[in-house]
Amino acid sequence: MFKVVFVVFFSLCCSRLLAQTSDVSVKATELFGHWKLVDTKIVDEVGFLELPKREMSHEIRVAEDSPWDSYQRFDLVFEKDSMFRLQYPIQSFASARFFLDSSYLHYSTNEESGKCPARLLNDTLFLYRSLPYDEGYFKEAFVRTSFNDSVLQVMKTYGINYPELAGTWELVREEDYDYGTHYELKFPYSLPDSINLSRKQMLAALQGDRTILISTNGKPRAYTFWFANSCMYLKPGDWYHGDDPMIHFWREN
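Residues numbered from 1 in each chain as written. Predicted model: local features only at pLDDT ≥ 70, side-chain atom pairs only at ≥ 80, totals over all residues. Heavy atoms only, no water.

Help me understand the overall build of the chain, please; the structure alone is not making it clear to me.
Within the chain one finds 4 helices and 17 strands. Evaluated residue by residue, the chain yields a buried proportion of 34% over its 253 residues. Of the contacts formed within the chain by residues at least 6 apart in sequence, a portion of 58% connects residues at least 24 apart. For the chain, the exposed surface amounts to about 16100 Å²; the carbon and sulfur share of it is 50%. (Helix = DSSP H or I, 4+ residues; strand = E, 2+ residues; numbered from the N terminus. Buried < 20%, exposed > 50% of the residue type's maximum accessible area, 1.4 Å probe, protein only. Contact = heavy atoms within 4.5 Å. Areas by Shrake-Rupley, 256 points an atom, 1.4 Å probe, with all protein chains shown as cover.)

What's the story with helix α4 (residues 199–206) in this structure? I'm lost.
At 3.6 residues per turn, the α-helix brings residues three or four places apart onto the same side. All of the buried residues along α4 are Met-202, Ala-205 and Leu-206. Axial view of α4: buried residues confined to an arc of 105°, hence all on one face. On its buried side, α4 packs onto α3 (149–158), β13 (194–197) and β15 (219–228). Where α4 ends, the next residue or the one after it, Gly-208, has phi of about 105°, a positive value. (Arc of directions from axis to C-beta.)

How should I be thinking about the layout of surface pockets in this particular structure?
Summary: where empty space remains is shown by rolling a probe the size of a single water molecule over the atoms. Here the largest pocket is characterised by a volume of approximately 1200 Å³. Among the residues forming the lining of the largest pocket, the class breakdown is 19 nonpolar, 8 polar and 9 charged. (1 Å grid on protein atoms, 1.4 Å probe; cavity = no way out; pocket = protein on both sides within 12 Å on 5 of 7 lines; lining within 4 Å. Points joined across faces, edges and corners; volume = space filled by probe spheres on them. Nonpolar A, V, L, I, M, F, W, Y, C, P; charged D, E, K, R; others polar.)

Explain the environment of Tyr-177 here, please?
By secondary structure assignment, the location of Tyr-177 is in strand β11 (residues 174–177). When the C-alpha atoms of Tyr-177 and Asp-69 are compared, they prove to be 8.6 Å apart, with 108 residues separating the residues in sequence.

Would you take a moment to explain the pairing of strand β17 (residues 247–250) for this structure?
Note on strand geometry: in a regular strand, side chains alternate between the two faces of the sheet. Across 2 bridges, strand β10 (residues 167–171) lies against β17 in antiparallel orientation. Bridged to Glu-170 within β17 is Trp-250. Where strand β16 (residues 231–236) meets β17, 3 bridges bridge the pair, whose relative direction is antiparallel. Following the sheet pairing, Tyr-233 is matched in β17 by His-248. (Pairing = 2+ DSSP bridges.)

Where do I start with the packing of aromatic side chains in this structure?
For any two aromatic rings, the description comes down to two numbers: the centre-to-centre distance and the angle of the planes. For the structure on display, the rule yields 18 aromatic pairs. Centroid distance Tyr-128 to Tyr-137: 6.5 Å. Interplanar angle 85°. Geometry classified as edge-to-face. Ring geometry for Tyr-189 against Tyr-240: centres 6.3 Å apart, planes inclined by 70°, an arrangement best described as edge-to-face. Of this pair, Tyr-189 sits in the loop between β12 (181–184) and β13 while Tyr-240 sits in the loop between β16 and β17, and the two are 51 residues apart along the sequence. An aromatic cluster is built from Phe-187, Tyr-189, Tyr-223, Trp-239 and Tyr-240, whose rings are joined through pairwise contacts. For Lys-115, the ring lying beneath its charged end belongs to Tyr-104, and the centroid distance is 4.6 Å. In this arrangement the basic side chain of Lys-139 is found over the ring face of Phe-126, its NZ or CZ atom lying 5.0 Å from the centre. (Phe/Tyr/Trp six-rings, centres within 6.5 Å; stacked < 30°, edge-to-face > 60°. Lys NZ or Arg CZ within 6 Å of the ring centre and 35° of its normal.)

Looking at this structure, I do not really get a negative patch on the surface. What am I missing?
Taken together, the side chains of Asp-44, Glu-45, Asp-134 and Glu-135 define an acidic patch exposed on the protein surface. Note that Glu-135 resides in the loop between β8 (124–130) and β9 (137–145). Here Glu-135 falls in the partly exposed class, since its relative accessible area comes to 33%. (Patch = residues over 30% accessible without salt bridge, like charges linked within 9 Å, V, L, I, M, F, W, Y side chains within 5 Å. Salt bridge = Lys/Arg side-chain N within 4 Å of Asp/Glu carboxyl O. Lys, Arg positive; Asp, Glu negative; His and termini not counted. Charge placed at Lys NZ, Arg CZ, Asp CG, Glu CD.)

Spelled out as structure tokens, the structure:
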């Protein structure tokens, strides 16, 4: 009788364990496709894996910045063994090789490697990215979507989808950023409050031609431009011999 009870009990435990494993484990094929980031919050623990709070090294400086200051939003595309991080429809970053193991998403590029807990619940993918200077995690929620394949191809090929950036951009004359850092434009020439970048100019930028003429003290002057951190940066041409004024423009989404 005892043996029968033991066998039944053991079978029930195994069934529950398998059910739990099935509930938290993700298969690579289940990730194939396009995923849009819809929500991010900071949490202390990874509940579904019952992970305790991370132990922080005492050598790590306690940052005064908010964790959100260094946070970057990424949408995701999974194809075979490749993962693409992108900010659709503007920018695609270096592709990473990935694999799944014990409810962790492992990824690596030529510059970095890492892993993060991953859970697929119904049609939502949850990833937990460690905070840089704290014990918690960014809990990110992604839902399936369908990005335009033509736009994706431009992003993968060129990194920046410059044609998407055509339009009006506002000059940043002053701003506060990071932890108490204040920027003020110091440039011995007058610039317009805004510039308009045409689609023709942005198409040429894909091939490397990122030179434009901007009215400077009422005269057209040459600048090179590039996109980074949601801003359009301009560098004066050879006609300018001063310090880098960090001229940049931004636009409302």
